[in-house]
Amino acid sequence: MLKILQKTISTGIVTANYPAEPAKISDRYRGRPSFDFDKWKDARPAAEVCPTGAISLSDKGDSRKVTVDYGLCVFCGLCAEASSDQAVRITREFELATPDRRNLVLTAEYTLNPDRTHRGLRKVDRASVNVETDVESLGKKARETIQKVLGRSLAIREVDAGSCNGCELEIVALNNPVHDIERFGIQFVASPRHADMLLVTGPVTRNMELALLKTHRAMAEPKVVVAVGACGISGGIFGENYASLGGVDKVLPVDVYIPGCPPRPQALLHGILLAVGRLAERLHNNRADFF
Amino acid sequence: MMTPSTSAIFEALRQKLGPQVQSVRADREDEVYVLLGDADVRPITEHLRREFGARLATVFAEDRRPVEGVFFNYYVFEQKGSAQYLIVQAPVRTDTLEFPSLSAELPAVNWQEREIQDWFGLKAVGHPNPRRVALHDNWPDVYPLRKDFPLETVLPPFEGERHIYRPAFGEGVLQVPVGPVHAGIIEPGHFNFAVAGEPILYLQLRMFYTHKGTEKLFEKIPLHKAVFLAESISGDSSFSHGTAFCQAIERAASMEVPLRGLVMRTILLELERICNHVADIGAIATDVGFVIAHAHASRLKETLVDLNEQMTGSRLLRGMVCIGGVRRGWDQAQLDTLRNTLDFFAAEFQELINLIDRSESTRDRLEQTGVLRPDKARDLGIVGVGGRASGVDLDVRRDHPYAAYSRYSFRVPVYEVGDVWHRMQVRIDEVNESIGIVRKAMTDDLQREFRVPMPTIPPDRCTVSAVEGWRGEIIHWIRTGPDNHLERCKIKDPSLNNWPALVEAVQGNIIADFPVINKSFNLSYSGTDR
């Protein structure tokens, strides 16, 4: 007993203070690839190597439309390696969660040279990832919401709808002493009846479709659904096939999407806090129904 | 099987089994193919097991109708003390679509034979329990791994029968259904317990909830993309599965990976092992209420995944292994981080183990809990940690050396007791051995190259590749196709063999001990279901 106490004291506090303080992450971390569209002379090499089709092209005559979908991205970094013009750069950004799937997609239109490289940039539609750029205040707001509106606790039910278990590992890491999600009053619960939020991973397999629907149905209103990882958002590398439906929103209405393969714990936390805001809105809007 | 020349093997088998043995060929010394004239593998299986003590590692099928007009079944054998794999290739007649089942004598292939039934529509004649396993009962009659079944097929809503679990009778006997959505944050599967009061009489498992068409998908996507699919077979074994896959391609193309690439793979494979083992040790502790040990273990795991990220840019070691070696080299700063983190970890890990060792109550809960007897473990073909705790002395790193393992000496811990405590002991010993391997590998003086470019892969090459993932034996078997694509990719995760061990180990234990017994095996659902 004394030894246990001694170890606890000598270890001290290891919990990180994200999002009140910036996340301490390795400078080698591969986060969001960023695209310098003016500089991009040829999107073909990047599109060719991308394992999930997150970067795709459609050529029509002398014009090319390039689509980048962070909802498909597995953050492998191949696009940056393949693009010799240095127009694709791997950043350390990870706070990519968004309530709108469209925010994860950006497009650029080019005029092409005869050799199919880019001549001129015609138009760019930028994805508005990082909708809530002020992550620190997001944390504060979420904490207040949980305190006041949700009676000091937010209950999450997690469902693996066919993931490779990578996302689960990072969700479990939210409970470790370093990330310690309970400091926000957030806890993972066993029963969907107790849950305010459904956190779903995986491309939704045909074999998990029914279980996912039933779990969602068992939750009381108001409830929010969060789709986790490339698979949860779009089917990821598995896509749509005879056994995979290709994303949570094929089956359920999704409130927040968290990109990543898997999203790191801080990215998950960011997405969950974002979803707390959605839940608060819903509570506010539907208040009359409850009282 | 030990004989080096294929003609000698052919003569010996021919003499024993007659004209059924059609040919023996080997493109590589450590991989011999025996072609049979028909689907009846019982005599050769009997012969190999009896005369050579051979173990049947995996069974799978391939649809070769478009090219050769038949389905083939493949039976991968290995023998103690030999690095050679012997693969029996048996044609299944296209008119009857039947092959004789081995499951009655070899329960180890029970699920794998049923997988062949479900995915290829071939019939395992004489199977003791031929029901659906890999496609659930409510699926229509489709055979997704046949060549004429398109991957993108959209099946209508399922209206078939639901799975009927075997009933349990008796006074006070109850059946407790659990899952597929579990209480914790884990993968989905259904457990049906028959209990008499607290003790478990019988456990029925229903897996394949996360079946997502992985093997079929491998036939569609080009090789360089397929590496990422291999990394997503089982998230916590990303590097092991990625390595197994890349190795298979490298063998098929006779590529020579530079030694530095092999050494780096070895280090990362061991980091993956350490990381998962320490998490499991913590999880076992928490399942018997020792949450402080769990807190320390998960803190240490977090240190290790940070290290993973420092070494590879990914907390799960993804995006690092590639066909031809590894994608990036390491600079001095990274090597320093590796050395320092490992030193810190080694000291902390010892303190964690001391905490657990000193806790009488923890020991009391874990000893004699969830016992898997050695004879049962052998019959069921259990591999990896669960096997080694029950006397099954297998380790691919030693038995079929790959990466740079032949350069380093290490001990393979084997116990006979087979309870939760000893499955934990195996992990503890392995963590210590792994630390030793990484330290030795770091001091290996190597040339700078860590990667060779991927050439065009020659078509129609078959090869088997094995890796000792942290759970146990991972096997990938491939047949290459044209344009850097695959014709077939069979994935055997150790979990596929090991689920029956859980069924065996929980019997007679109280239902409250199920979580800790399950955790002590910690099998991959996604690796099983693919």
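Residues numbered from 1 in each chain as written. Chains lettered and ligands numbered in written order. Predicted model: local features only at pLDDT ≥ 70, side-chain atom pairs only at ≥ 80, totals over all residues.

**With respect to the overall build of chain B**
For the record, the criterion: For the purposes of this entry, the term helix denotes a DSSP run of H or I that reaches at least four residues, the term strand denotes a run of E that reaches at least two, and both are numbered from the N terminus. Here the globule rule reads 2.2 Å times residues to the power 0.38, and the radius of gyration is calculated from C-alpha atoms. Remark: C-beta atoms are placed from the backbone, and a residue is labelled buried if 20 or more other C-beta atoms sit within 10 Å of its own, exposed if 12 or fewer do, or partly exposed between those counts. C-beta atoms are first placed from the backbone for all residues, and any pair lying within 7 Å is then listed as a contact.
Of the regular secondary structure elements, chain B holds 18 helices and 15 strands. What you see for chain B is a C-alpha radius of gyration of 23 Å, in line with the 24 Å of a compact globule of 530 residues. Principal-axis analysis of the C-alpha atoms gives chain B an extent of 70 × 65 × 50 Å. For chain B, the proportion of its 530 residues judged to be buried stands at 54%. For chain B, the proportion of contacts with a sequence separation of at least 24, taken over those separated by at least 6, is 66%.

**Regarding the overall build of chain A**
A tally of helices and strands in chain A yields nine helices and eleven strands. Taken over 291 residues, chain A has a buried fraction of 50%. Within chain A, residue pairs in contact and separated by at least 24 positions form 77% of the contacts whose partners lie at least 6 positions apart.

**A closer look at the domain arrangement of chain A**
Our working rule: What marks off one domain from the next here is an automatic or database domain assignment.
According to the domain assignment, chain A contains domain 1 (33–125) and domain 2 (135–290). Distance between the C-alpha centres of domain 1 of chain A and domain 2 of chain A: 28 Å.

**Structural notes on the interface of chain A and chain B**
Put simply, the rule is: Side-chain classes follow a simple rule in which Ala, Val, Leu, Ile, Met, Phe, Trp, Tyr, Cys and Pro form the nonpolar group, Asp, Glu, Lys and Arg form the charged group, and the remainder, Gly included, forms the polar group.
In this assembly, 48 residues from chain A lie in contact with 48 residues from chain B. Secondary-structure elements contributing two or more residues to the side of chain A that touches chain B are helix H1 (2–11), strand S7 (154–160), helix H5 (166–173) and helix H6 (209–218) of chain A. In terms of residue count, H5 of chain A provides more of the side of chain A that touches chain B than any other element does, six residues in total. In the side of chain A that touches chain B, the residues fall into 24 nonpolar, 14 polar and ten charged.

**What to know about the domain arrangement of chain B**
Quite often, the size of an interface is put as the accessible area lost when its parts meet. Residue and element names in this part refer to chain B. By the assigned domains, chain B splits into domain 1 (6–125), domain 2 (173–206) and domain 3 (214–529). Taken over C-alpha atoms, the centre of domain 2 sits 27 Å from the centre of domain 3. At the interface, twelve residues of domain 2 touch eleven residues of domain 3. Listing elements by their share of the side of domain 2 that touches domain 3, those giving two or more residues are strand S9 (190–196) and strand S10 (200–206). Counting residues per element, the side of domain 2 that touches domain 3 draws most heavily on S10, which supplies four residues. Grouping the constituent residues of the side of domain 2 that touches domain 3 by class yields nine nonpolar, one polar and two charged.

**Structural notes on the environment of Ser254 of chain B**
Residue and element names in this part refer to chain B. Topologically, Ser254 is positioned in the loop between helix H7 (238–252) and helix H8 (259–287). Owing to 12 C-beta atoms within 10 Å, Ser254 belongs among the exposed residues under this scheme. Separated by 211 residues in the primary sequence, Ser254 and Pro43 have C-alpha atoms spaced 33 Å apart.

**Examining the pairing of S9 of chain B**
Just so we agree on the cut-off: In this scheme, strands are said to pair when DSSP sees at least two bridges between them.
As defined by bridge partners, strand S8 (residues 173–178) of chain B adjoins S9 of chain B across six bridges and the pair is classed as antiparallel. If you follow Gln175 of chain B over to S9 of chain B, its bridge partner there is Ala194 of chain B.

**Observations concerning the sheet that holds strand S15 (residues 486–492) of chain B**
Residue and element names in this part refer to chain B. Where we set the bar: Note on definitions: angles span 0 to 180 degrees between N-to-C directions of axes, and those axes are lines fitted to C-alpha atoms, for helices only across the stretch in contact.
Strand order in the open sheet formed by three strands is S13-S14-S15, with antiparallel pairing between adjacent strands. The open sheet is flanked by strand S13 (462–468) and S15, the only strands paired with a single partner. Strand-to-strand twist of the sheet, defined as the mean angle between neighbouring strand axes without regard to direction, takes the value 15°. In this structure, strand S14 (residues 473–480) lies alongside S15, joined through six bridges in antiparallel fashion. Bridge pairing in S15 links Arg479 to Arg488. Relative to S13, H7 is tilted by about 150°, and along the sheet it contacts S13 and S14.

**Some points on helix H1 (residues 6–17) of chain B**
The periodicity of an α-helix, 3.6 residues per turn, causes residues three or four places apart in sequence to face the same way. Using the following cut-off: By this rule, a helix spans an expected 1.5 Å times one less than how many residues it contains.
Taking 1.5 Å of rise per residue, twelve residues should cover 16 Å, and H1 of chain B covers 16 Å from first to last C-alpha, within 8% of that figure. Following H1 of chain B by one or two positions, Gly18 of chain B has its phi on the positive side, about 75°.

**Notes on the confidence of the model for chain B**
Residues and elements named next belong to chain B. Which entries qualify depends on this criterion: Each residue carries a pLDDT value, the predictor's own confidence for that position, ranging from 0 to 100.
Taken residue by residue, chain B gives an average pLDDT of 92. The fraction at 70 or more is 99%. Highest mean pLDDT in chain B belongs to H7 (96); lowest belongs to H1 (84). Across the whole predicted complex the pTM is 0.94, and at the interface the ipTM reaches 0.92.

**Digging into the nonpolar core**
Note the following rule: Buried Ala, Val, Leu, Ile, Met, Phe, Trp, Tyr and Cys residues whose C-beta atoms connect them within 7 Å together make up a nonpolar core.
In terms of nonpolar packing, the biggest core is built from 233 residues, with Met197, Val200 and Val226 of chain A together with Val88 and Val278 of chain B touching the most fellow members. Here this core gets 15 residues from one element, more than from any other, and that element is H8 of chain B. For Val88 of chain B, the contacting residues outside a window of four places in its chain are Val34, Leu36, Val41, Ile44, Tyr75 and Phe77 of chain B.

**Considering unusual backbone geometry**
Cis geometry marks the peptide bond from Glu221 of chain A to Pro222 of chain A, where omega comes out at -10°. A cis amide bond links Gly179 of chain B with the next residue in sequence, Pro180 of chain B, at an omega value of 10°. As for its placement among the helices and strands, Pro180 of chain B is situated in the loop between S8 and S9. The phi torsion at Val204 of chain A lies on the positive side, around 60°, for a residue other than glycine. Tracing the backbone shows Val204 of chain A in the loop between strand S9 (197–201) and H6. Given 31 C-beta atoms within a 10 Å radius, Val204 of chain A is considered buried.

**Considering the environment of Val189 of chain A**
Residues and elements named next belong to chain A. You can see Val189 is positioned in the loop between strand S8 (186–188) and S9. Residue class for Val189 comes out partly exposed when judged on the 17 C-beta atoms lying within 10 Å of it. Residues Val189 and Leu154 lie 35 residues apart in sequence; the distance between their C-alpha atoms is 9.6 Å. Excluding residues within four positions of it along the chain, Val189 makes contact with Ala155, Ile156, Arg157, His194 and Ala195.

**So, the sheet that holds strand S1 (residues 21–28) of chain B**
Each strand in a sheet pairs with another by means of backbone hydrogen bonds, the pair being arranged parallel or else antiparallel. Residue and element names in this part refer to chain B. Read across the open sheet, the five strands follow the order S1-S2-S5-S4-S3; overall the sheet is mixed. Both edges of this open sheet fall to S1 and strand S3 (55–64), since each of them pairs with a single strand only. With strand direction ignored, the average angle separating the axes of adjacent strands in the sheet is 20°. Bridging between S1 and strand S2 (residues 31–36) involves five bridges; their strand directions are antiparallel.

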